[in-house]
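Breakdown of the fold
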Amino acid sequence: MRIVRTKAAIKKLLQGLLVLVIVSSFIGLGLWQLDRAQEMRNPVKITVDKKLYELTSLAESTEIIPAASIGKKVNVKGNYIANYKAPNQIDGGKNVSDWEVALLQTETNPDTAILVVRGLWKDRMVEPRVAMSNSVEIIGTLMPRQFDDRAENTPQQLSRLDSSVLVSSVDAQLYDGFVIATSEKIREGSIERTRISPPKLTSGVPGYYWQHISYVVVWWFMAGLVMWMPFYRRRENEI
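Residues numbered from 1 in each chain as written. Predicted model: local features only at pLDDT ≥ 70, side-chain atom pairs only at ≥ 80, totals over all residues. Heavy atoms only, no water.

Looking at the overall build of the protein
- The helix and strand inventory of the protein stands at 3 helices and 7 strands.
- In the protein, buried positions account for 36% of the 239 residues.
- By sequence separation, contacts in the protein at least 24 residues apart represent 69% of the contacts at least 6 residues apart.
- Of the roughly 15,100 Å² of accessible surface on the protein, a fraction of 59% belongs to carbon and sulfur atoms. (Helix = DSSP H or I, 4+ residues; strand = E, 2+ residues; numbered from the N terminus. Buried < 20%, exposed > 50% of the residue type's maximum accessible area, 1.4 Å probe, protein only. Contact = heavy atoms within 4.5 Å. Areas by Shrake-Rupley, 256 points an atom, 1.4 Å probe, with all protein chains shown as cover.)

Dropping the structure here:
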């Protein structure tokens with residue numbers, strides 16, 4: 001009889017520990033989701049690193065750009081192999097305009113290429129000295145790919161700044177993300193034109209504020225439900 005009682009006590013203890021672990025997990029998930037909601041409401045600005053890096057030291061053409069590399073100043077050389085219009089883009093001053101974007105074949109590895117924002121689309125003929133055969137040195141800001149379409153995707157137009165939209169039409173291995181050029185230099189000298197101010201980078205959290213809050217409610221409701229279940233089962237057994 002004592003053995004049976006001991007087993008029953010151990011079983012209840014294990015059940016209690018299991019409930020405690022599950023409830024703690026749900027509460028923790030709710031707190032984590034609440035932190036995400038607060039981060040979305042109060043985004044933290046990313047500190048700008050003014051050091052100049054070689055593109056190959058920050059990213060590889062076969063991988064997604066590391067979060068730590070985003071927003072850094074990069075230097076890359078090569079030649080332009082294609083030119084595109086990127087409509088309805090928003091710069092750091094919240095101005096909406098069409099941008100000129102070129103695909104740069106890199107000098108260090110001709111099998112790789114990266115998208116470069118050169119300036120405003122309307123200014124594309126202001127400084128026409130850069131031919132496809134010209135070697136050009138770019139200094140600019142490394143940016144993450146865009147996920148939302150701004151226009152229709154065509155052979156001459158990009159729906160968003162994302163190298164994946166060019167995979168089927170370009171043979172080169174494409175870098176993730178793109179570079180917003182602050183300067184272009186060819187053998188004859190610097191290319192002078194209006195440049196795009198990069199959008200302000202924050203430690204962005206995907207989703208919507210109230211979406212995260214709704215998840216908080218769900219997780220904590222689940223915690224309450226798990227806590228209530230043992231009492232419900234006990235009442236059923238008594239009945």
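Quick look at a nonpolar patch on the surface
- A surface patch of nonpolar side chains, amounting to about 550 Å² of accessible area, comprises Val-218, Phe-221, Met-222, Leu-225, Trp-228 and Met-229.
- Of the residues examined, Phe-221 reaches a relative accessible area of 54% and is grouped as exposed. (Patch = residues over 30% accessible without salt bridge, like charges linked within 9 Å, V, L, I, M, F, W, Y side chains within 5 Å. Salt bridge = Lys/Arg side-chain N within 4 Å of Asp/Glu carboxyl O.)

What about the UniProt feature "transmembrane region" (unreviewed entry) in the protein?
- Per the UniProt entry, the sites bearing "transmembrane region" (unreviewed entry) are residues 12–32 and 208–231 in this numbering.
- End-to-end, the C-alpha atoms of residues 12–32 are 30 Å apart, and along that stretch the chain is 100% helix and 0% strand. (UniProt positions renumbered as here; feature names shortened; annotations may be inferred.)

Observations regarding the packing of aromatic side chains
- In this structure the tally under the stated criterion is 1 aromatic pair.
- Note on Phe-26 and Trp-219: the rings are 5.7 Å apart at their centroids and 25° apart in plane angle, and the pair reads as stacked. Linking Phe-26 in helix α1 (residues 2–41) with Trp-219 in helix α3 (residues 209–238), this pair joins segments that are 193 residues apart in sequence.
- The exposure class of Phe-26 is buried, given its relative accessible area of 16%.
- Trp-219 gets classed as partly exposed once you look at its relative accessible area, which sits at 26%. (Phe/Tyr/Trp six-rings, centres within 6.5 Å; stacked < 30°, edge-to-face > 60°.)

Details of the environment of Thr-108
- Relative to the assigned elements, Thr-108 resides in the loop between β3 (96–106) and β4 (112–120).
- Sequence separation of Thr-108 and Gly-78 is 30 residues, and the distance between their C-alpha atoms is 7.8 Å.

Remarks on the side chain of Thr-106
- Structurally, Thr-106 is set in strand β3.
- In this structure the side chain of Thr-106 is engaged in a polar contact, spanning 2.8 Å, whose partner is the backbone oxygen of Asn-109.
- Of the polar contacts made by the side chain of Thr-106, one reaches the side chain of Thr-112; its length is 2.5 Å.
- Those residues in contact with Thr-106, other than ones at most four positions away along the chain, are Val-76, Lys-77, Gly-78, Thr-112, Ala-113 and Tyr-175. (Polar contact = N/O pair within 3.5 Å; in protein donor to acceptor, adjacent residues only side chain to side chain.)

Quick word on the environment of Ile-138
- Along the chain, Ile-138 falls in strand β5 (residues 136–143).
- Between the alpha carbons of Ile-138 and Thr-182 there is a distance of 7.7 Å; along the sequence they are 44 residues apart.
- Residues in contact with Ile-138, not counting those within four places in the same chain, are Val-74, Asn-75, Val-76, Tyr-80, Leu-104, Val-116, Val-179, Ala-181, Ser-183 and Glu-184.

Some thoughts on the pairing of strand β2 (residues 73–90)
- With 3 bridges joining them, strand β1 (residues 52–54) and β2 adopt parallel strand pairing. Bridging from a neighbouring strand, Tyr-53 pairs with Val-74 of β2.
- Pairing of β2 with β5 involves 6 bridges; the strand directions are antiparallel. Considered in β5, the bridge of Gly-78 is made with Val-136.
- As judged from the 10 bridges shared by β2 and β3, these two strands associate in the antiparallel manner. Looking at the pairing, Lys-85 lines up with Glu-100 of β3.
- Hairpin geometry of β2 and β3 is characterised by an intervening segment of 5 residues between the two adjacent antiparallel strands and by a positive phi of about 65° at Lys-94. (Pairing = 2+ DSSP bridges.)

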